[in-house]
Structure formats: C-alpha cells, structure tokens
Amino acid sequence: MASSPRIPHRVVVIGSGFGGLFTTKALRRADVEVTIIDRTTHHLFQPLLYQVATGILSEGEIAPATRDILRHQENARVVLGNVDTIDLAARTVTSTIHDKTTVTEYDSLVVAAGAGQSYFGNDRFADHAPGMKTIDDALELRGRIFGAYEMAELETDPMELDAWLTFVVVGAGPTGVEMAGQIAELSRRTLKGNFRSFDPSTTRVVLLDAAGAVLVTFGDELSTHALHELEGMGVEVQLNAKVVDVDEHGIEVEDPDGSRRRLEARTKIWAAGVAASPLGRQLAEQAGAEVDRSGRVLVERDLTLPGHPEVFVIGDMMGLDGLPGVSPVAIQGAKHVAKQIKRRVKGADDVSQPFRYRDKGSMATISRFRAVASIGNVHLRGFIAWVAWLALHLVYLTAFKNRITALLHWAVSFIGRGRAERTATWQQVVARTRLQRLEETEAAASIGATSRPVDSLRT
Ligand SMILES: Cc1cc2nc3c(=O)[nH]c(=O)nc-3n(C[C@H](O)[C@H](O)[C@H](O)COP(=O)(O)OP(=O)(O)OC[C@H]3O[C@@H](n4cnc5c(N)ncnc54)[C@H](O)[C@@H]3O)c2cc1C
C-alpha cells in the first residue's frame, strides 16, 4: 500500500521586517514550509527612512521586494495581506488584501509585525505631524519638506514666510536628531542658490523633547556632544518642552513651569513614541498574557507566548527584560526562534532554550561626517563614529545592488552637496489624510446602511 505524502512542518511568519525576514532566511535549510505574510511587498530598512524623507536615497534602495530577496529559497512563500486575525485555538492566520481574504494554517507561528507611531493618546496630531515608520511616511515627509520651500518662494507675507521656513521635529531620540540634522544640512548646503525670494539658510529647525537631554540612551557624554554639534549646525534644541497641541499652522508647547507657548510652523515631524502592533493585544487577550505600556507582549524567556509554545513573538512587539526596540534585538530574536523551530522539527528534547541578547551598541548620525556611537564601554564621536555608522549600514542594507547605489548617492550628498531624490508629488503629501477621511465617510455610511435591508445595498 502506498504511504501518504508527508506534510512538512508549516511555519507562518507575520511581517517581512528585520524579525520576519531574518527568521525566514534562517530557516532556508530546515525541513519546513515557510509562509511569510506582510501588508507591504518589501523588506524595509527603517534606520534609513530619514534619508528617503530628505532626498538622499530612493525608496527602492531601502525597501527591496521581499519576493526577490527570497527568490532562491524554495521552502519560502511570500503572501501579500494585512493580518487582521490570529486564531490561537484553530492555529490559523487570516489576512486580507483588497477583497481577497486568505486563511493560512500553521504548526509554528512567528509574529514580527513591529510597531507604529504613538501620539500618546492624541492621534489627531498625526494629521499635521506625520511620523516616520513606513515608505509612505517618508515620501509624505519628503513632499512636505520640499513643498514648504516651494510655498515659501511664493509667500509675500513675512509672518507666513517664517512659518513655511520653520521645521519642528518632535522627539530628540536618534530619529529626531537625524531628521533635524538633515533638514539643517539641506537648508544650509543643498538648497543654496535654489530660490530667488528668500535665503534657505535662514530656515529655523527646532528639535523638541519632553526629556531633559537629546539621545538620552547614549549617556551624558555623547548626549552633551550631540547637543553641541546640533547647536553648532544651527538647530534650536528645546528640552523639557512638552507638546500639548498640533494644528495645521503650528504647535503648542508646555514648559516645565506650566506656561504654554506657540511655535508657528507649517512642517512638523513626529519622531516620539512607539506603539507595538495591535496584533500583540489580540494575542495577549487570547492567551491570557500581559502587554506593557507600549503594547508589547511579555513573552517567556524562549520568546514564546505564555501557554503557547508554538507561537513566538519577536522584535518591536516583544517585551523581555526591557530590551529596546532596535534592529539587533529583532535580528537576534529571529535567529533564536529559527533555531528553536529547527530543533523541534528534529525532535530535540529540550525545546525551550532561553534567548540571550548580545548588546552590540547603538549609533546615531547628526549630519554628514558627524555621528555618535556607544559600543560597550567604548564611546565614539565625530568622523570615526560616522565611518563606523556608514560601514554598518552598508553591511546591513539588503542586496548588493542597493549597497552600490546607496554608496553613490551618499557620495553625491556627503562629498558634494546635491540630493538625487528630491522628486515629490502632491499625492504623496495629501493621500494619507484624504484616504483616512474617505474611510471615515465610508464607515459612517455603512453604519447608516445597517438599518436598511441588505438588498438595498446592492442598488
Ligand atoms: C525611523 C526609524 C529609525 C530607526 N533607526 C534605527 C537604528 O538606527 N538602529 C536600530 O538598531 N534600529 C533602528 N530602528 C528600529 C528598527 O528599525 C526596529 O527595531 C526593527 O525594524 C524591528 O523589527 P521588527 O521585525 O520587529 O519590525 P519591522 O521591521 O517594523 O517589521 C514589521 C513588519 O510587519 C508588517 N506588518 C505590520 N502589521 C502587519 C499586519 N497587521 N499584517 C501584515 N503585516 C504587518 C510591516 O509592514 C513590516 O514589514 C529605527 C526605526 C525607525 C522607525
């Protein structure tokens, strides 16, 4: 009698970011079938989003197609879809794209859906102060930044001109510092000679934070150094300043004495606060697990969901020992999880090995040739830190072709003063908020429609 074909162990990976892609790649020689599901078609290198926003790199250089990266990995299948439901009891993941719903069954599940922007309960700020988490965000910001200069060229009212030429970055962590530094550089170097009715070097760049220091996690010495560098470049750093309101024309700030003041600025960029994917809460509710203040799932030491050894949560969605939301945590977590899955498939007895994180340090650029790096007890700053930053980012950029073109673009921007990727369209600037409004209108219409007979919807 012919034996029935063996069904390989089915691994479903949610997310093609650092956690998801590195898990999938680490399983390439395993006797498993991997399905990687993401709502985008690319693997995004988030640390370089700010360079897309400020016209240094193109979006393709930092976001190659996942399908192409995995083209030689025959045990991996790429599925486009927004995961809306994970059913732990049925062991299925449901994803949707347009009107197409896909249900994927799993034996092991790896959830690496990352984090989004948090506005600390003030989501309406997002309309006027976009964050920077996705390619859409970076392109919208590119449109807003370069668009502000175009509007300034047309402005005859000096107050309005000042508002177009004031850029406020909220959050003085690495992303905020990098954005503020790049806008300062753009205004002082790149845009020189581009305009006739104003001098772009008069641009006011304000970097705000509710904390008392920039780059707090880098320690006093590097934080103070970064502050001096930013100020030297003409960035106005305002610390202990809490944002209490944001509208189309400006931003309202509360100082430590409780007094409030307003900054007139057309361009605001939100680089403060993260919230883990809502899939984390969905998992926690089903498993009776806990989430932290940022919505990260408090996982077991082997990175599994409590009570569910077949489900792993990694990267920005996982809460363990206060580990930060940085790419090495996601990458090392991915490698650990892949190892656990391989051991299980081989039938190892000790299937629950604890995750051990090796801290390789952190880096932030301030502008061209200036960066800070904290690697164990070694603190680097200035040009040497910038070279270390450059080398590391080149190594981690996916695809050889992207490394070459990124290097060329860096040469254009850092040795020269040009920016090759300044193209922006009106749709990039308005599409997000217009789509949101359309969705709200449709949702309101469908609530009204539920009281009508179903047949009337078909007319
Ligand atoms: C602007 C910025 C700069 C950064 N700079 C640095 C840095 O310099 N150094 C550093 O180490 N770290 C940096 N980080 C952090 C680092 O990028 C993250 O820690 C890392 O990307 C986390 O990996 P992840 O796999 O958990 O999530 P991500 O890489 O965010 O991947 C999550 C994936 O899940 C997908 N997804 C989300 N929800 C769903 C859903 N419902 N259905 C389907 N797919 C979904 C997303 O599309 C995405 O592809 C930065 C982050 C940002 C935003």
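Reading guide: rules and limits
- Residues numbered from 1 in each chain as written.
- Predicted model: local features only at pLDDT ≥ 70, side-chain atom pairs only at ≥ 80, totals over all residues.
- Helix = DSSP H or I, 4+ residues; strand = E, 2+ residues; numbered from the N terminus.
- Buried ≥ 20, exposed ≤ 12 C-beta atoms within 10 Å, placed from the backbone.
- Near = placed C-beta within 6 Å.
- Domains from an automatic or database assignment.
- Core = buried A, V, L, I, M, F, W, Y, C linked by C-beta atoms within 7 Å.
- Contact = placed C-beta atoms within 7 Å.
- Pairing = 2+ DSSP bridges.

A.B. asks: Before we go on, may I ask you to explain unusual backbone geometry in this structure?
C.D. replies: For residues besides glycine, phi is generally negative; the peptide bonds are generally trans as well. In this model, His 98 sits at a positive phi of 50°, which is unusual for a non-glycine residue. By the secondary structure assignment, His 98 is in the loop between β5 (92–97) and β6 (100–105). A residue is classified by how many C-beta atoms lie within 10 Å of it, and His 98, with 7 of them, is exposed.

A.B. asks: Explain the site of the ligand to me, please; I cannot follow it from the model alone.
C.D. replies: What surrounds the ligand is a group of 34 residues, the closest being Gly 15, Gly 17, Gly 19, Gly 114 and Gly 315. Put simply, the parts of the chain that give the shell around the ligand at least two residues each are α1 (18–26), β2 (32–38), β4 (82–87), α7 (174–190) and α10 (327–345). When residues of the shell around the ligand are assigned to domains, at least three map to each of domain 1 (9–117 + 275–345) and domain 2 (123–272 + 361–415).

A.B. asks: Got a minute to help me understand the nonpolar core in this structure?
C.D. replies: Across soluble globular proteins, nonpolar side chains have a tendency to be buried as a group. With 67 residues, the main nonpolar core has Val 170, Ala 180, Leu 207 and Leu 230 as its most contacted residues. Looking at which element gives the most residues to this core, the answer is α7, with 6 residues. Residues in contact with Leu 207, not counting those within four places in the same chain, are Val 169, Ala 172, Gly 176, Ala 180, Leu 230, Val 235 and Val 237. In this structure, Phe 18, Leu 27, Val 34 and Val 311 belong to the second largest nonpolar core, which totals 49 residues.

A.B. asks: Just to check I follow, could you spell out the domain arrangement of the protein for this structure?
C.D. replies: A common way to state how big an interface is: give the accessible area lost once the parts meet. Looking at the assigned domains, one finds that the protein contains domain 1 (9–117 + 275–345) and domain 2 (123–272 + 361–415). Taken over C-alpha atoms, the centre of domain 1 sits 29 Å from the centre of domain 2. Each side of the interface is counted separately: domain 1 has 21 residues, and domain 2 has 27 residues. Put simply, the parts of the chain that give the side of domain 1 that touches domain 2 at least two residues each are α2 (49–53), α3 (59–62) and β8 (115–117). Among the elements that take part in the side of domain 1 that touches domain 2, α2 stands out by supplying 4 residues, more than any other.

A.B. asks: Can you help me understand the pairing of β6 in this one?
C.D. replies: Put simply, side chains in a regular strand alternate between the two faces of the sheet. Of all 6 residues that make up β6, 0 are buried, and the element is exposed over most of its length. Judged from the 6 bridges that link them, β5 and β6 form a sheet pairing that is antiparallel. Pairing of Thr 94 across the sheet is with Val 103, part of β6.

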